[in-house]
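One letter stands for each residue in the lines below.
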Amino acid sequence: MGTPLYISRDLELDLESLIGQCVAILGIRGSGKSNTAGVIFEELLNNNYPMSIVDIEGEYFGLKEKYEVLVVGTGDGVEIEIDAGCAAEIAEVSMEKNVPVVLDLSGFLSEERTEVLMEYLSSLWNLAGTLRRPYIIGIEEAHEFIPQGVKTELKEMISRIALRGRKRGLGAIVVSQRSAKVEKDVLSQAGMLLLHRVVHEVDMRVYSELLPWRKSEVKEIIGSLETGNCIFVNGETVRPIYVRERATFHAGFTPSLEAVATPELKQVSASIIEAIERAREGRGRRTRTQELEEQLARLQEKLTQKEEKIDELEETARTLGYIKVEVPQGPPPAVVQRDCVPQEAVSVGFAPHLMGTTRCDSAEERSTARERVASETGWGVIEVAPTVPASSSSALPPAVRRHIDRLVARVERRSLLERRVLSFLFEHAPGSYTASQIAAWTHCAREMVEDELPRELLEVGLIARERRTDGLRFQSRLKTFVSDEFAVYLPDIGESGLHAVTRQLSDRLIDVP
Ligand SMILES: Nc1ncnc2c1ncn2[C@@H]1O[C@H](COP(=O)(O)OP(=O)(O)OP(=O)(O)O)[C@@H](O)[C@H]1O
Ligand SMILES: [Mg+2]
């Protein structure tokens, strides 16, 4: 008999059975997956079992109510700020010194998130090869990292840990509300399953492959599971259980009218923080040159990917090049919005009074506008159908709205000048402008715009900078940014949802004093 874990009254489970195990926790929204995962983490923490929890919604800090868990990430609420440059060292400290870590990825943009996670998990994988000690990695929203049918470096790493970690003592707990979207190999090889309620046919099909029951039985039993109930599968054992409630605060709980007190949180001991800080500063065994070389390689890789994307988009722009004309209801001037304009047009530039968008209500107004724009610019004008109406924020799923809020909060931390530059470029997208033009429009000195380069905005890809014959030019990259950053939500919100996200971000970020 091993060390008992109290997960459910209906189940005897011992700690040893989790060593090197791949556990999958599935179910629809609100079925109790995070509670179940939280209960397993609590039981493991009661036994000082080392772990890292990859938390993309900032749900697991509540474990600190009872345990010395270190929350690392970026933004509010993290104890140690990390980035891709030091993620590997922190992972090493966690594994070597037995420090449980919540890797809170909620403050990162998706590209940074991938980089941080890749560094972190590679480091754990490599070190586990030498140490060969029990260690477990929890991954929420696993479909985002190990999507079925898509090949990425990060997915390969996570699948490797889940499928081949056993010999190194590495286990994984993958949690997902989209059973059908999680890499099938990982689910079919998982040694332990906790299957909460699902309702959709596609998810039922996945469950049917995982359970030794007839399809009709699966549908009936799974469809009637209540919150917290699930089917536990481990080898020959297949049985319904009720998972106990988490003892620590569950930040992802479904809000109710009862007041919720914020918990008192345990601080991680100073010696652990010191060890982490040392690892971060020292980045120890690597020399500064090595570190810069690695950073350079990462940036070059990013640049190549971005250049490929730009080529691809420019090709699309050439194919689709058009000008959209819309006429204001009120007095002139007419207004032009360039959505996708051929390269030559970009370098010619627009007269400022032709920027922006307003409505065009009658055929007569449209025709006047067409003539006017054609005569002023010398270009042929092609009318296009109106774009998708701006969706209200409530039409987007909560996860997308939270993502938008995080982005806006992040931009709001930038200086006023940077925000003005961004606002100007968004408002006048997709035109490209020199520092002097931006300075004139934003009422700043040109030197200020040149000296205070909006580095972060450039780095994350909200704006782009390009050298032209007349000097450096800046341009909004909002559409491309949204397509990349919100790509994971595309199956849920579709292209029109992406337009709505772009519109909302633009509206909110243009609003600068
Ligand atoms: N075993 C349980 N007993 C009592 N309440 C539970 C239990 N499991 C979950 N709940 C409650 O149900 C709600 C949803 O649970 P939880 O957040 O774990 O669901 P989830 O499946 O992770 O949802 P999501 O997909 O939205 O993350 C929470 O308020 C939680 O406290
Ligand atoms: Mg959850």
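Residues numbered from 1 in each chain as written. Chains lettered and ligands numbered in written order. Predicted model: local features only at pLDDT ≥ 70, side-chain atom pairs only at ≥ 80, totals over all residues. Heavy atoms only, no water.

Let's talk about the nonpolar core
The biggest cluster of nonpolar side chains holds 67 residues, and the ones touching the most others in it are Ile82, Tyr120 and Leu121. Per element, the largest residue contribution to this core is 9 residues, and it comes from helix α3 (residues 110-131). Look past the residues within four positions of Ile82 in its chain and what remains in contact with it is Val72, Gly73, Ala87, Ile90, Leu103, Phe108 and Val116. Counting residues in hydrophobic clusters, the runner-up holds 38 residues, among them Ala399, Ile438, Phe474 and Ala500. (Core = buried A, V, L, I, M, F, W, Y, C linked by side-chain atoms within 4.5 Å. Buried < 20%, exposed > 50% of the residue type's maximum accessible area, 1.4 Å probe, protein only. Helix = DSSP H or I, 4+ residues; strand = E, 2+ residues; numbered from the N terminus. Contact = heavy atoms within 4.5 Å.)

A closer look at unusual backbone geometry
In this model, Ala429 is joined to Pro430 through a cis peptide bond whose omega is 0°. Here Pro430 shows up in the loop between α13 (416-427) and β15 (432-434). Within the chain, Asn48 stands out as a residue other than glycine whose phi angle is a positive 55°. Here Asn48 shows up in the loop between α1 (33-46) and β4 (51-55). One non-glycine residue, Asn98, adopts positive backbone phi at about 65°. Among the structural elements, Asn98 can be located in the loop between α2 (84-97) and β7 (101-104).

Topic: a negative patch on the surface
On the surface, Glu153, Glu156, Glu301, Glu307, Glu308, Asp311 and Glu312 cluster together into a negatively charged patch. Contributions of two or more residues to the negative patch are made by α4 (153-164) and α9 (288-320). Top element by residues in the negative patch is α9. It accounts for 5 residues. Tracing the backbone through its elements, the reader meets Glu312 in helix α9. (Patch = residues over 30% accessible without salt bridge, like charges linked within 9 Å, V, L, I, M, F, W, Y side chains within 5 Å. Areas by Shrake-Rupley, 256 points an atom, 1.4 Å probe, with all protein chains shown as cover. Salt bridge = Lys/Arg side-chain N within 4 Å of Asp/Glu carboxyl O. Lys, Arg positive; Asp, Glu negative; His and termini not counted. Charge placed at Lys NZ, Arg CZ, Asp CG, Glu CD.)

Things to note about the sheet that holds strand β9 (residues 170-176)
Reading across the sheet, the 10 strands line up as β6-β5-β7-β4-β8-β9-β3-β10-β11-β12 and stay open at both edges, with mixed pairing between neighbours. Two strands lie at the open edges of the sheet, namely β6 (80-81) and β12 (237-242), each paired on one side alone. Both strand β5 (residues 70-73) and β7 contribute to a ladder of 4 bridges, which runs parallel. The partner of Leu70 across the bridge, within β7, is Val101. (Pairing = 2+ DSSP bridges.)

Comments concerning empty space enclosed by the protein
Space left empty within the atom packing is revealed by a probe, the size of a water molecule, rolled over the atoms. Counted under the stated rule, the structure contains 1 cavity of 30 Å³ or more. Estimated volume of the largest cavity: approximately 40 Å³. For the lining of the largest cavity, the secondary structure elements donating two or more residues are α12 (398-412) and α16 (455-460). When grouped by side-chain class, the residues that make up the lining of the largest cavity number 6 nonpolar, no polar and 3 charged. (1 Å grid on protein atoms, 1.4 Å probe; cavity = no way out; pocket = protein on both sides within 12 Å on 5 of 7 lines; lining within 4 Å. Points joined across faces, edges and corners; volume = space filled by probe spheres on them. Nonpolar A, V, L, I, M, F, W, Y, C, P; charged D, E, K, R; others polar.)

Topic: the site of ligand 1
What surrounds ligand 1 is a group of 18 residues, the closest being Lys33, Ser34, Asn35, Tyr242 and Val243. One nitrogen or oxygen atom from the side chain of Ser34 is found 2.8 Å from an oxygen atom belonging to ligand 1. Between a nitrogen atom of ligand 1 and a main-chain N or O atom of Val243, the distance comes to 2.7 Å. Within the complex, 84% of the 620 Å² of free accessible area of ligand 1 lies under protein. Take the shell around ligand 1: its biggest share by element is 3 residues, from α1. Looking at the shell around ligand 1 residue by residue, the classes come out as 4 nonpolar, 10 polar and 4 charged. (Near = heavy atom within 4 Å. Polar contact = N/O pair within 3.5 Å; in protein donor to acceptor, adjacent residues only side chain to side chain.)

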